[in-house]
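The residues making up each chain are set out below.
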Amino acid sequence: FDAEVAVMAWPAAAADTAQRAQVDPEKVLVAAWSPVTWNDGSLGCPQKGMDYTQALVDGELLMLRVEQALFQYHSARGGPFTYCANPDASYTVTG
């Protein structure tokens, strides 16, 4: 995994977080980033009524912070980060 890829990908997630929190993007901080292995194709963010591949998926977990609020974003390796409002713990930290 390449931390530089995560840093390059996070401005879009930061802009999304700023919009959700209704703050300026400069107020969004990186709380954590880690390479992970998701347990299935839901990337740790399953949606009701959806079917997912039942295979391990290399990916990334990004947590952004605005004051005390945390915003969690998931991705497959090298893919775009997607906001996850109701994350589950179906992953293994690999980094």
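Not measured: the values here are computed from a predicted model. (Residues numbered from 1 in each chain as written. Predicted model: local features only at pLDDT ≥ 70, side-chain atom pairs only at ≥ 80, totals over all residues. Heavy atoms only, no water.)

Peer 1: Can you help me understand the pairing of strand β1 (residues 29-38) in this one?
Peer 2: Along any regular strand, the residues point their side chains to alternate faces of the sheet. Sheet topology note: the β1/strand β2 (residues 57-66) ladder contains nine bridges and is antiparallel. Note on β2: the bridge partner recorded for W33 is L62. (Pairing = 2+ DSSP bridges. Helix = DSSP H or I, 4+ residues; strand = E, 2+ residues; numbered from the N terminus.)

Peer 1: How do you make sense of the packing of aromatic side chains when you look at a structure like this?
Peer 2: Two measures describe an aromatic ring pair: the distance that separates the ring centres and the angle between the ring planes. In this structure the tally under the stated criterion is three aromatic pairs. Centroid distance W38 to Y91: 5.3 Å. Interplanar angle 70°. Geometry classified as edge-to-face. In this pair, W38 is assigned in strand β1 and Y91 in strand β5 (residues 91-93), connecting sequence segments 53 residues apart. Of the aromatic side chains, those joined through ring pairs into one cluster are F71, Y73 and Y83. Stacked on the ring of Y83, the Lys or Arg R20 has its end atom at 3.7 Å from the ring centre. (Phe/Tyr/Trp six-rings, centres within 6.5 Å; stacked < 30°, edge-to-face > 60°. Lys NZ or Arg CZ within 6 Å of the ring centre and 35° of its normal.)

Peer 1: I would appreciate a short explanation of the pattern of salt bridges in the present structure.
Peer 2: Should their charged atoms come close, side chains of opposite charge can pair. Considering all chains together, one arrives at two salt bridges under this definition. As a salt-bridge pair, R20 and D16 come within 2.6 Å of each other at their nearest N and O atoms. Of this pair, R20 and D16 both sit in helix α1 (residues 3-21), four residues apart, which is roughly one turn of the helix. According to the relative accessible area criterion, R20 is partly exposed, its value standing at 44%. (Salt bridge = Lys/Arg side-chain N within 4 Å of Asp/Glu carboxyl O. Buried < 20%, exposed > 50% of the residue type's maximum accessible area, 1.4 Å probe, protein only.)

Peer 1: Looking at this model, I keep getting lost on the side chain of T37. Mind explaining?
Peer 2: Summarising the element assignment, T37 is placed in strand β1. The contact partners of T37, leaving out residues within four places of it in the chain, are L56, V57, D58, S90, Y91, T92 and T94. (Contact = heavy atoms within 4.5 Å.)

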